[in-house]
Each structure stands twice: as C-alpha cells, then as structure tokens.
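This is what each chain is made of:
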Amino acid sequence: MGAFAAALGGLDTLVFSAGIGERSAAIRTRICEGLDFLGIELHEARNAAHASVISTDTGRVTVRVMRTDEELMIARSVSRVLSLESPTAESDL
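Residues numbered from 1 in each chain as written. Predicted model: local features only at pLDDT ≥ 70, side-chain atom pairs only at ≥ 80, totals over all residues. Heavy atoms only, no water.

### Quick look at helix 5 (residues 70-81)
Relative to the 16 Å expected for twelve residues at 1.5 Å per residue, helix 5 spans 16 Å between its end C-alpha atoms, a close match to the ideal helical length. The positive-phi residue at the C-terminal boundary of helix 5 is Ser 83, with phi of around 60 degrees. (Helix = DSSP H or I, 4+ residues; strand = E, 2+ residues; numbered from the N terminus. Expected span 1.5 Å × (residues − 1).)

### Side note on the environment of Ala 25
The topology assignment puts Ala 25 in helix 3 (residues 25-32). Separated by 21 residues in sequence, Ala 25 and Arg 46 place their C-alpha atoms 9.3 Å apart.

### Some remarks on a nonpolar patch on the surface
A grouping of Met 1, Ile 20, Ile 27 and Ile 31 is seen on the molecular surface, where their side chains present a nonpolar patch of about 330 Å² in accessible area. Mapped onto the elements, Ile 20 comes out in helix 2 (residues 18-23). (Patch = residues over 30% accessible without salt bridge, like charges linked within 9 Å, V, L, I, M, F, W, Y side chains within 5 Å. Areas by Shrake-Rupley, 256 points an atom, 1.4 Å probe, with all protein chains shown as cover. Salt bridge = Lys/Arg side-chain N within 4 Å of Asp/Glu carboxyl O.)

### A few points about the side chain of Asn 47
By the element assignment, Asn 47 lies in helix 4 (residues 44-48). Taking the relative accessible area as the measure of exposure, Asn 47 reaches 3% and is therefore buried. Within the local environment of Asn 47, its side chain forms a polar contact with the backbone oxygen of Ala 25, the two atoms lying 3.1 Å apart. Reaching out from Asn 47, the side chain makes a polar contact with the side chain of Thr 29 at a distance of 2.9 Å. Once residues within four sequence positions are removed from consideration, Asn 47 is found in contact with Ala 25, Arg 28, Thr 29, Leu 42 and Ile 54. (Buried < 20%, exposed > 50% of the residue type's maximum accessible area, 1.4 Å probe, protein only. Polar contact = N/O pair within 3.5 Å; in protein donor to acceptor, adjacent residues only side chain to side chain. Contact = heavy atoms within 4.5 Å.)

### Remarks on the pattern of salt bridges
For the coordinates displayed, the defined rule picks out one salt bridge. Here Arg 46 and Asp 57 are joined by a salt bridge, their closest N and O atoms 3.0 Å apart. Here the residue Arg 46 occupies a position in helix 4, and Asp 57 occupies one in the loop between helix 4 and strand 2 (62-66), the gap between them amounting to eleven residues. Taking relative accessible area as the criterion, Arg 46 reaches 24% and is therefore assigned partly exposed.

Structure below.
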C-alpha cells in the first residue's frame, strides 16, 4: 500500500471490494492499521456496519466499500470476445 501511495504521490480514495473487502470489517481494519500517515482514518461504527464510506469525516483519504460482481463482468467480457452480444451491451452497467 505504501509503495502505491508513494508512486501516486498520495491517496484521495481507498476502495475495498470483492468478497473479503465487502464483508470483513476485521480485514479492512487490519489493512488500514498503521496507515494514518497517509491520512487513512477508519470510523469504527461505519466499518462494522459495512457502510459505503467507512472513513472518518476528518481523515484526508476517503475509504469506501463497493459491491462488485466479478462473475457478471467476466461473463460479459467473454461474451463480447466471442461476439455473442453486441458491443453496446455494456451500456446497461
């Protein structure tokens, strides 16, 4: 995380997604521990409730939890590659 933040010149937003990122407050807490120097501050109650924004209002970095559907995106990509659906089908995302 630190290397990415350094390469980017800091962070504006940190996003947790997919199974563990969406459903495990404990893992999100462990990942963010010690990253306060980057401006990451978790709001414990929001994190425990799996809110869409789990950072404090005073932190410099917004920490979000975003639902994803990787299987759907993979199926759409495969279908597009195999020309089973029109290229405009992504417009319903």
